[in-house]
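These are the residues of each chain, in order.
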Amino acid sequence: MNKDMAAQAAHKAGFIAALDQSGGSTPKALKLYGIDASAWSNDAEMFDLVHQMRTRIIKSPAFTGDKVMGAILFEQTMDRDIDGTPTAQYLWERRRVVPFLKIDKGLAEEKDGVKLMKPMPDLDALLKRAVAKGIFGTKERSVIDAANPKGIAAIVAQQFEVARQVLAHDLVPIIEPEVTISIPDKAQAEDILLAEIRKHLDEVPAGKQVMLKLTLPTKPNLYMPLVDDPRVMRVVALSGGYSRDEANDKLRHNVGMIASFSRALTEGLTAQQSDAEFNAALVSAIDSIFQASSVKE
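First, a word on scope: everything that follows refers to the structure included in this document. (Residues numbered from 1 in each chain as written. Predicted model: local features only at pLDDT ≥ 70, side-chain atom pairs only at ≥ 80, totals over all residues. Heavy atoms only, no water.)

## A few points about the packing of helix α10 (residues 244–252) against helix α12 (residues 275–292)
Quick note on the threshold: As a rule, the C-alpha atoms of each element are fitted with a line to give its axis, helices using only the stretch in contact, and angles between N-to-C directions run from 0 to 180 degrees. Per the convention used, a helix needs a DSSP run of H or I reaching at least four residues, while a strand needs a run of E reaching at least two, with both numbered from the N terminus. Each angle gets one of four labels, with under 35 degrees taken as roughly parallel, over 145 as roughly antiparallel, 65 to 115 as roughly perpendicular, and the rest as oblique. Throughout, a residue-residue contact means that at least one pair of heavy atoms, one from each residue, lies within 4.5 Å. In the scheme used here, Gly and all other residues not listed as nonpolar or charged are polar, with Ala, Val, Leu, Ile, Met, Phe, Trp, Tyr, Cys and Pro taken as nonpolar and Asp, Glu, Lys and Arg as charged.
Across the interface, α10 lies against α12 with an axial gap of 8 Å and an inter-helix angle of 20°. In this view, α10 runs roughly parallel relative to α12, as classed from their interaxial angle. Across the interface between the two elements, Arg244, Asn248, Leu251 and Arg252 of α10 pack against Ala285, Ser288, Ile289 and Ala292 of α12. Grouping the amino acids of the contact of α10 with α12 by side-chain chemistry returns four nonpolar, two polar and two charged.

Now the structure itself:
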């Protein structure tokens, strides 16, 4: 493990940019960026366009480790270059941003109020490739749609099972059991989730740490016990469909959590903007998210 990356991931002020839209979410991300589906005729062209969008973000003067502590990449982004340099290498060497990789293959059908991750039979091969590419950590997402104790227990058990596989490759896993923000029993689901996570933290091997990516909770500071747990490197917040202003406001009320926003980061960025307009919009976004991630008390 890269000790400089580990120190930055564990302690540096800033937030994690989620640039990991995959096949299912890419068309929506491009539409929000001002590129309609008529602009591509197949998946290869679509992924070319989204790589151009991500490259524009990463190369922006504002996108550096001063405020963007890390960035989560889609597998195809990891496998591509920026100006002839592999993306993860470019992020760390040129921008001083710690690279993470989204490893899940999407969601299974809902059962017991949750959507587990689909099977990942080739995960070990992907993790070996990630290490070779200079990736520091990974991210895996599943979804909670109800305060169902059986379902939430299954989600957390699966998340930690995959996390142990990631840790075996000397990578740091970001565990992401997202609670859908619109469900009526969100607060109850979060209470159950917290209890399950605390139980499973005992499984983390000695000397290892995980990160947790969690929906901004209904009860402020609910996740403080996780922020303070020595087996947890960082607790980061997903925006979950909240606007940037809403997400930042909620984040300010959760001491010790930092942002890992996707839509809330790229909100207001479009392909039609001049470089000056684009960079100004990104500066504003990064500054506001950085400030909301810096609340200490």
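## Quick look at a negative patch on the surface
What counts is decided by this rule: Patch membership is restricted to residues that have no salt bridge and whose relative accessible area is over 30%. Joining uses 9 Å for like charges and 5 Å for the nonpolar side chains Val, Leu, Ile, Met, Phe, Trp and Tyr. Under the convention used here, a 1.4 Å probe and the Shrake-Rupley method define accessible areas, while residue burial counts only the protein chains that appear. Salt-bridge detection follows one rule: a side-chain nitrogen of Lys or Arg within 4 Å of a carboxyl oxygen of Asp or Glu. For the purpose of charge, His is not counted, nor are the chain termini; Lys and Arg are scored as positive and Asp and Glu as negative. In this description, the location of a charge corresponds to atom NZ of lysine, CZ of arginine, CG of aspartate or CD of glutamate. For each residue, the accessible area found with a 1.4 Å probe, counting protein chains only, is set against the maximum for its type, and the residue is called buried under 20%, exposed over 50%, and partly exposed in between.
On the surface, Asp245, Glu246, Asp249 and Glu267 cluster together into a negatively charged patch. Inspection of the secondary structure puts Asp249 in helix α10. Taking the relative accessible area as the measure of exposure, Asp249 reaches 39% and is therefore partly exposed.

## Regarding the pattern of salt bridges
With the rule as written, the count across this model stands at 21 salt bridges. The salt bridge involving Glu176 is made with Lys139; its shortest N-O contact spans 3.0 Å. Of this pair, Glu176 sits in strand β8 (residues 172–179) while Lys139 sits in strand β7 (residues 137–144), placing them 37 residues apart in sequence. Residue Glu176 is classed as buried on the basis of its relative accessible area, which comes to 3%. The class of Lys139 is buried, set by a relative accessible area of 5%. In this structure, the salt-bridge partner of Arg164 is Glu203, at a minimum N-O distance of 2.4 Å. Of this pair, Arg164 sits in helix α7 (residues 149–167) while Glu203 is found in the loop between α8 (186–200) and β9 (210–215), placing the two residues 39 residues apart along the sequence. Within the structure, one salt-bridge network assembled from shared partners comprises Glu75, Asp79, Lys105 and Arg129.

## Some words on the pairing of strand β2 (residues 68–73)
Applicable threshold: One requirement defines pairing of two strands: DSSP has to find at least two bridges between them.
In terms of burial, β2 is a largely internal element, six of the six residues being buried. Where strand β1 (residues 15–19) meets β2, five bridges bridge the pair, whose relative direction is parallel. When the bridges of β2 are listed, Ala18 appears paired with Ile72. Strand direction decides the pairing type here: β2 and strand β5 (residues 98–102), joined by four bridges, are parallel. Looking at the pairing, Ile72 lines up with Phe100 of β5.

## Regarding the packing of aromatic side chains
Applicable threshold: Each pair of aromatic rings taken from Phe, Tyr and Trp, with Trp reduced to its six-membered ring, is defined by centres within 6.5 Å and is described as stacked if the planes are under 30 degrees apart, edge-to-face if over 60, and tilted in the remaining cases. Consider the ring centre and the ring normal. A charge sits over the ring if Lys NZ or Arg CZ is within 6 Å of that centre and within 35 degrees of that normal.
Considering all chains together, one arrives at two aromatic pairs under this definition. Centroid distance Phe100 to Phe136: 5.7 Å. Interplanar angle 90°. Geometry classified as edge-to-face. Separated by 36 residues along the polypeptide, Phe100 in strand β5 and Phe136 in the loop between α6 (123–133) and β7 bring together distant segments of the chain. The burial state of Phe100 is the same as that of Phe136; both residues are buried. Across the ring face of Phe290, the terminal group of Lys67 is positioned such that the distance to the ring centre comes to 5.5 Å. Between the NZ or CZ atom of Arg96 and the centre of the ring of Trp92, over which it lies, the distance is 4.1 Å.

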